[in-house]
Amino acid sequence: MTAEIIDGKKIAAQVKSAAAQKAVMYRQLYGRQIGLAVILVGSDPASEIYVRNKKIACEQCNIAAFEYNLPAETSQDEIIELIEKINADKNIDGLLVQLPLPKNIDEKAVLSHVSPQKDVDGFHAVNAGNLVLGNDCLAACTPSGIMRLIDSTGVDITGKHAVVVGRSNIVGKPAALMLLKRNATVTVCHSKTKELTRYTSDADVLVAAIGKKEFFTGDMIKPGAIVIDVGMNRENGKLYGDVHFPSAVQVASYITPVPGGVGPMTVAMLIENTVKAAYRAK
């Protein structure tokens with residue numbers, strides 16, 4: 001068996017195209033562009049690349065990008081003051097604070113000041129809580145993208161065993177909740193789980209988000225499984241996933257590559273959330 005490759009770039013382009021059409025319609029209806037604000041504190045190279053990609057996506061999708069680049073020595077109070085200013089700006093529909101923040105800044109405190117209505121990253125406690133309750137909300141982008149990738153396979157995951165390896169608030173926990181909502185039977189594992197292979201080898205859907213280069217090999221994967229690789233491990237200028245692709249592709253039925261799988265979907269879902277936030281505010 002050789003797995004079918006899930007093309008994240010292609011699916012992300014479809015998501016952005018649909019969002020772009022809605023953004024054009026919004027401007028026709030309300031007389032202004034949808035706006036997304038991005039706050040970048042400091043000069044982390046990876047963060048700068050992410051922000052640049054988000055700005056390009058905005059340009060492609062008829063969304064106005066408002067970029068705020070702050071020096072690393074900016075105080076927490078100054079960041080919060082800027083967030084409150086953006087919260088009140090009626091020309092800005094979505095706001096994200098690029099993570100990580102400098103070590104002297106309390107990320108949770110800062111993110112708590114982002115208006116839940118503009119929280120297009122889906123990190124605010126209100127949106128996270130609504131996700132738990134199954135209510136409509138601005139949900140975390142990477143897990144939302146993961147679900148679109150799974151949907152693209154056409155496989156009904158009702159009753160299937162989905163194993164999420166990783167328990168972060170950004171990926172693991174919300175992904176588990178979204179899979180539960182789709183009626184999968186969900187197991188959440190993590191770096192402290194004993195006999196991890198016992199769980200992964202029984203997974204009909206494996207979401208690998210443990211943050212270790214090529215950790216999951218083909219012998220840890222159930223034949224015919226859907227494998228979603230969330231890993232982004234950089235080494236010597238090259239990007240590696242959490243899954244050892246050459247061995248996994250021989251076992252799985254569907255698999256995402258790295259790069260070109262989950263990564264493009266995260267930005268695409270951010271754009272979709274921004275458009276959603278704009279319409280919800282009306």
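Structure's up top.
Calculation criteria
- For every chain, the first residue of the written sequence is number 1, and numbering continues from 1 onward in sequence order.
- Where local features are concerned, this predicted model is filtered to residues with pLDDT of at least 70; where side-chain atom pairs are given and counted, the filter is 80 or more; whole-chain, interface and lining totals use all residues.
- By convention in this description, side-chain values take in all heavy atoms of the structure and omit both hydrogens and water.
- The rule for pairing is simple: two strands pair if DSSP sees at least two bridges between them.
- Here a helix means four or more residues in a row that DSSP labels H or I, a strand means two or more in a row labelled E, and each is numbered from the N terminus.
- Only residues whose relative accessible area exceeds 30% and that form no salt bridge enter a patch; like-charged residues are grouped when within 9 Å of one another, and nonpolar side chains (Val, Leu, Ile, Met, Phe, Trp, Tyr) when within 5 Å.
- Accessible areas in this description were obtained via Shrake-Rupley with a 1.4 Å probe; residue shielding takes into account the shown protein chains only.
- For salt bridges, the criterion is a side-chain nitrogen of Lys or Arg within 4 Å of an Asp or Glu carboxyl oxygen.
- Neither His nor the chain ends is counted toward charge; the positive residues are Lys and Arg and the negative residues Asp and Glu.
- In this description, the location of a charge corresponds to atom NZ of lysine, CZ of arginine, CG of aspartate or CD of glutamate.
- Any residue under 20% of the maximum accessible area for its type is buried, any over 50% is exposed, and the rest in between are partly exposed; the area is computed with a 1.4 Å probe on protein chains only.
- Residues adjacent in sequence count toward polar contacts only when both atoms are side-chain atoms; beyond that, a polar contact is any pair of N or O atoms within 3.5 Å, and within protein one must be able to donate a hydrogen and the other to accept it.
- Note on definitions: a residue-residue contact is assigned when non-hydrogen atoms from the two residues lie within 4.5 Å.
- Lines fitted to C-alpha atoms define the axes here, with helix axes fitted over just the stretch in contact, and angles between the N-to-C directions of these axes take values from 0 to 180 degrees.
- A pair of aromatic rings is counted whenever rings of Phe, Tyr or Trp (Trp by its six-membered ring) have centres within 6.5 Å, and the orientation is called stacked for planes under 30 degrees apart, edge-to-face for over 60 and tilted otherwise.
- Expected span of a helix: the number of residues minus one, times 1.5 Å.
- Of all possible arcs, the one meant is that of the directions from the helix axis to the C-beta atoms.

(A) Focus on the sheet that holds strand E1 (residues 4–5). Read across the sheet, six strands follow the order E1-E11-E8-E7-E5-E6 without closing on themselves; strand pairing throughout is parallel. The open sheet has two edge strands, E1 and strand E6 (185–189), and neither has a second partner. Here five bridges tie strand E5 (residues 161–165) to E6, and the two strands are oriented parallel to one another. Bridged to His-161 within E6 is Thr-185.

(B) Geometry of a positive patch on the surface. A cluster of basic side chains, namely Lys-108, Arg-167, Lys-173, Lys-192 and Lys-212, defines a positive patch on the protein surface. By the element assignment, Lys-173 lies in helix H7 (residues 172–181). Classification of Lys-173 as partly exposed rests on a relative accessible area of 45%.

(C) Layout of unusual backbone geometry. Cis geometry is found at the peptide bond from Leu-99 to Pro-100, where omega equals 5°. The omega torsion of the bond from Val-258 to Pro-259 falls at -5°, within 30 degrees of zero and hence cis. With respect to the element layout, Pro-259 can be found in the loop between strand E11 (254–255) and helix H10 (262–280). Despite not being glycine, Asn-183 has its phi angle at roughly 70°, a positive value.

(D) Representation of the side chain of Asp-93 within the structure. Secondary-structure assignment places Asp-93 in the loop between helix H3 (76–87) and strand E4 (94–97). Judged by its relative accessible area of 6%, Asp-93 is buried. Within the structure, the side chain of Asp-93 is placed 2.8 Å from the side chain of Arg-32, a separation counted as a polar contact. With residues up to four places along the chain from it excluded, the contact list for Asp-93 reads Tyr-26, Arg-32, Gln-33, Ile-34, Gly-35, Gln-117, Lys-118, Thr-274, Ala-277 and Ala-278.

(E) Quick look at the sheet that holds strand E2 (residues 34–41). In space, the three strands of this open sheet follow the order E3-E2-E4, with parallel pairing throughout. Two strands in the sheet have a free side with no partner beyond their single neighbour: strand E3 (63–70) and E4. Pairs of neighbouring strands in the sheet enclose a mean axial angle of 15°, with direction left out of account. Pairing between E2 and E3: eight bridges, direction parallel.

(F) Quick look at the environment of Leu-206. One can find Leu-206 in strand E7 (residues 205–208). Not counting the four nearest positions on each side in its chain, Leu-206 is found in contact with Val-163, Val-165, Thr-200, Phe-216, Ile-221, Ile-226, Val-227 and Ile-228.

(G) Inspection of the packing of aromatic side chains at higher detail. Tallied over the full model, the rule gives three aromatic pairs. Between Tyr-26 and Tyr-279, the ring centres sit 5.4 Å apart and the planes meet at 80°, which makes this aromatic pair edge-to-face. You can see Tyr-26 sitting in helix H1 (residues 8–30) and its partner Tyr-279 sitting in helix H10, a full 253 residues away along the chain. Tyr-26 sits in the buried class, given a relative accessible area of 0%. Ring geometry for Phe-215 versus Phe-216: centroids 5.0 Å apart, planes at 80°, classification edge-to-face.

(H) Up close: the pairing of E4. Every second residue of E4 is oriented toward a common face, with Gly-94 and Leu-96 on one face and Leu-95 and Val-97 on the other, all of them buried. Pairing between E2 and E4: four bridges, direction parallel. Residue pairing for E4: Val-38 is matched across the bridge by Leu-96.

(I) A look at H3. For H3, which comprises 12 residues, the first-to-last C-alpha distance of 16 Å matches the rise-based estimate of 16 Å (1.5 Å per residue) to within 8%. What H3 keeps buried is the set Ile-79, Ile-80, Leu-82, Ile-83, Ile-86 and Asn-87. Looking down the long axis of H3, one finds its buried residues gathered within 160° of arc, a one-sided arrangement. Along H3, the residues that are exposed and aim more than 90 degrees away from the buried face are Asp-77, Glu-81 and Lys-85. In the core, the buried residues of H3 are packed alongside E2, E3, E4 and helix H4 (107–111).

(J) Seen up close, helix H6 (residues 141–152). In this model, H6 (12 residues) spans 17 Å end to end at C-alpha, consistent with the 16 Å of a helix rising 1.5 Å per residue. Looking at H6, one finds that the buried residues are Cys-141, Thr-142, Pro-143, Ser-144, Gly-145, Ile-146, Met-147, Leu-149 and Ile-150. Looking at the buried positions of H6, the neighbouring elements they touch are H1, H7, E7, strand E8 (226–229) and H10.

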